[in-house]
Amino acid sequence: MACEGGGSVRATMQQESQLAAFTVQCPVGSGGMGSVTMDAGVVKTGSFTVGIDASDEGIRWALTITQPE
């Protein structure tokens, strides 16, 4: 996750239960970054949900999810 604009962004990942969560601080005028790495097999076959909660509507953010094969 990367963000900018003042405040913070919280990302959560769920699949039947919460698998991961982290918060990134989003400075004004520069980028904030954060990530989480999970062991193979934590995410089961099927769909999952990612939730994003920004502390302010003016925050710009981007999220990338990578699943190695």
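The structure under discussion appears in the preceding block.
Quick caveat: nothing in here was measured; it's all calculated off a predicted structure.

### A closer look at the sheet that holds strand β1 (residues 2-4)
- Strands sit in the order β4-β1-β6 across an open sheet of three strands; the sheet is antiparallel. Two strands in the sheet have a free side with no partner beyond their single neighbour: β4 (32-33) and β6 (60-62).

### Things to note about the pattern of salt bridges
- The tally for this structure, following the rule as stated, stands at one salt bridge.
- Notably, a salt bridge pairs Glu4 with Arg60, separated by 2.9 Å at the nearest N-O pair. Of this pair, Glu4 sits in strand β1 while Arg60 sits in strand β6, and the two are 56 residues apart along the sequence.

### Description of the layout of surface pockets
- Of the volumes computed, that of the largest pocket is approximately 710 Å³.
- When residues of the lining of the largest pocket are traced back to their parent elements, those giving at least two are β2 (8-15) and β3 (17-25).
- Its residues assigned to classes, the lining of the largest pocket shows 16 nonpolar, 10 polar and two charged.

### As for a nonpolar patch on the surface
- Together, Val42, Val43, Phe48, Val50 and Ile65 make up an exposed nonpolar region whose accessible area comes to about 330 Å².
- According to the relative accessible area criterion, Ile65 is partly exposed, its value standing at 48%.

The rules we used
- Every chain's residues receive numbers from 1 upward, in the order its sequence appears when written.
- In keeping with the predicted nature of the model, local features appear solely for residues at pLDDT of at least 70, side-chain atom pairs appear and are counted solely at 80 or more, and the whole-chain, interface and lining totals rest on all residues.
- Remark: hydrogens and water are excluded; side-chain values derive from all non-hydrogen atoms of the structure.
- Note: two strands are recorded as paired if DSSP finds a minimum of 2 bridges between them.
- Each helix is a run of H or I in the DSSP string that is no shorter than four residues. Each strand is a run of E no shorter than two, and both are numbered from the N terminus.
- Here, a salt bridge means any side-chain nitrogen of Lys or Arg that lies within 4 Å of a carboxyl oxygen of Asp or Glu.
- Cavities and pockets were defined on a 1 Å grid built over protein atoms only: a cavity is a set of grid points that admits a 1.4 Å probe from which the probe cannot escape, a pocket is an open set flanked by protein on both sides within 12 Å along at least five of seven lines, and lining residues are those with an atom within 4 Å of any such point.
- Grid points are joined across faces, edges and corners, and a volume is the space filled by probe spheres set on the points.
- Residue classes follow a fixed rule: Ala, Val, Leu, Ile, Met, Phe, Trp, Tyr, Cys and Pro count as nonpolar, while Asp, Glu, Lys and Arg count as charged, and any other residue, Gly among them, counts as polar.
- Distance thresholds for patches are 9 Å for like charges and 5 Å for nonpolar side chains (Val, Leu, Ile, Met, Phe, Trp, Tyr), applied to residues having over 30% relative accessible area and no salt bridge.
- Where accessible areas are quoted, they stem from the Shrake-Rupley method and a 1.4 Å probe; at the residue level, only the protein chains shown are allowed to cover.
- Remark: exposure states derive from per-residue accessible area (1.4 Å probe, protein chains only) relative to the maximum for the residue type, with buried under 20%, exposed over 50%, and partly exposed in between.

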